[in-house]
Amino acid sequence: MEITISHLTEGAQNARGIAVVIDVFRAFSTACYVFNGGAEKIVPVGAVERAFKLKKQHPDWLIMGERDERKVEGFDFGNSPSHLIDFDFSERSVIQTTSAGTRGLVNATGAEEVLSGSFVNAAAIAAYIRKKAPEQVSLVCMGYAAEYQTEEDTFCAEYIKALLLNESVDFRKMREVIRNTAGKRFFIEKNQYFAPSADFDLCLDLNKFPFVLRLEESTEGYHFLNKLIP
């Protein structure tokens, strides 16, 4: 099994084999909480305009996501797991668009299979990949707004790679570094309305969920994330 770690949109475009598109803060952590709340599917899109177009076609669907970390006007939810953790998503379909994660998914067109990735389901991702035993695994770190690399996504890729190779990894040390680098923004008072401190812990709740989220294509032509148990 060849495992590569790459970054940003170019990394997604070059992904091959099973691709894991990683966005810890916060797209794919949030997605896991939405599925845990009972959602039927998440439809990831790259553009806000595409999200509103799908909403017009499917009025009963919800929309969540962000630009510049803030909820887009007209969306039901932003990109904060703490803002939606208590919502009942039972049998609901949710459109998602973010500055980094969903853009990575829509650009990973060269991969045979695409998963979303975060710390909250990292062990399940590794178990799924081991079961599939692909020749190639592409771990794609989407970073901040798909513009520059971030510690949490890179560490998540390294963590999943270590699990696949049966190597030890110090998650507590990773968490400490993240808290003092990319994660600092969750503890700034003026950011609390869109990036609450609770999100830091929710996104770094290691291996909370036993499922993976796999990108699939619907009969209507759009792609959606589906929940699978390895």
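Residues numbered from 1 in each chain as written. Predicted model: local features only at pLDDT ≥ 70, side-chain atom pairs only at ≥ 80, totals over all residues. Heavy atoms only, no water.

Draft legend 1. Main features of the side chain of N79. Within the secondary structure layout, N79 lies in the loop between β5 (70-71) and α4 (81-84). Each residue touching N79, except ones within four places of it in the same chain, is listed here: R26, A27, T30, G65, E66, Q96 and T98. (Helix = DSSP H or I, 4+ residues; strand = E, 2+ residues; numbered from the N terminus. Contact = heavy atoms within 4.5 Å.)

Draft legend 2. Region of interest: unusual backbone geometry. Cis geometry is found at the peptide bond from F25 to R26, where omega equals 5°. Within the secondary structure, R26 sits in the loop between β2 (18-22) and α2 (27-36). One non-glycine residue, E69, adopts positive backbone phi at about 75°. For E69, the location among the structural elements is in the loop between β4 (62-67) and β5. Among the residues examined, E69 registers a relative accessible area of 11% and is labelled buried. In this structure, A145 is a non-glycine residue whose phi angle is positive, near 55°. (Buried < 20%, exposed > 50% of the residue type's maximum accessible area, 1.4 Å probe, protein only.)

Draft legend 3. Structural view of the state of the cysteines. Counted according to the given criterion, the structure contains zero disulfides. No disulfide involves C32; its nearest neighbouring cysteine sulfur is the one of C203, lying 9.8 Å away. Take C32: its relative accessible area is 0%, and that puts it in the buried class. This cysteine, C156, is not joined by any disulfide, and C141 carries the nearest cysteine sulfur, 7.8 Å off. (Disulfide = S-S within 2.5 Å.)

Draft legend 4. Inspection of the packing of aromatic side chains at higher detail. Under the definition given, this model contains 16 aromatic pairs. On the numbers, 5.4 Å between centres and 70° between planes, the contact of F52 with F75 is edge-to-face. Residue F52 is found in helix α3 (residues 48-57), and its partner F75 is found in the loop between β5 and α4; the two are separated by 23 residues along the sequence. On the basis of relative accessibility, which here comes to 33%, the residue F52 falls in the partly exposed class. Ring geometry for F187 versus F200: centroids 5.3 Å apart, planes at 65°, classification edge-to-face. One end of the pair, F187, is in the loop between α8 (171-179) and α9 (197-203); the other, F200, is in helix α9, and 13 residues separate them in sequence. By relative accessible area, F200 is classed as buried at 3%. What links up through ring pairs into an aromatic cluster is the set F25, F186, F187 and F200. The side chain of R70 reaches across the aromatic face of F194, ending 3.8 Å from its centre. Sitting above the plane of the F187 ring, R179 keeps its charged end 3.6 Å from the centroid. (Phe/Tyr/Trp six-rings, centres within 6.5 Å; stacked < 30°, edge-to-face > 60°. Lys NZ or Arg CZ within 6 Å of the ring centre and 35° of its normal.)

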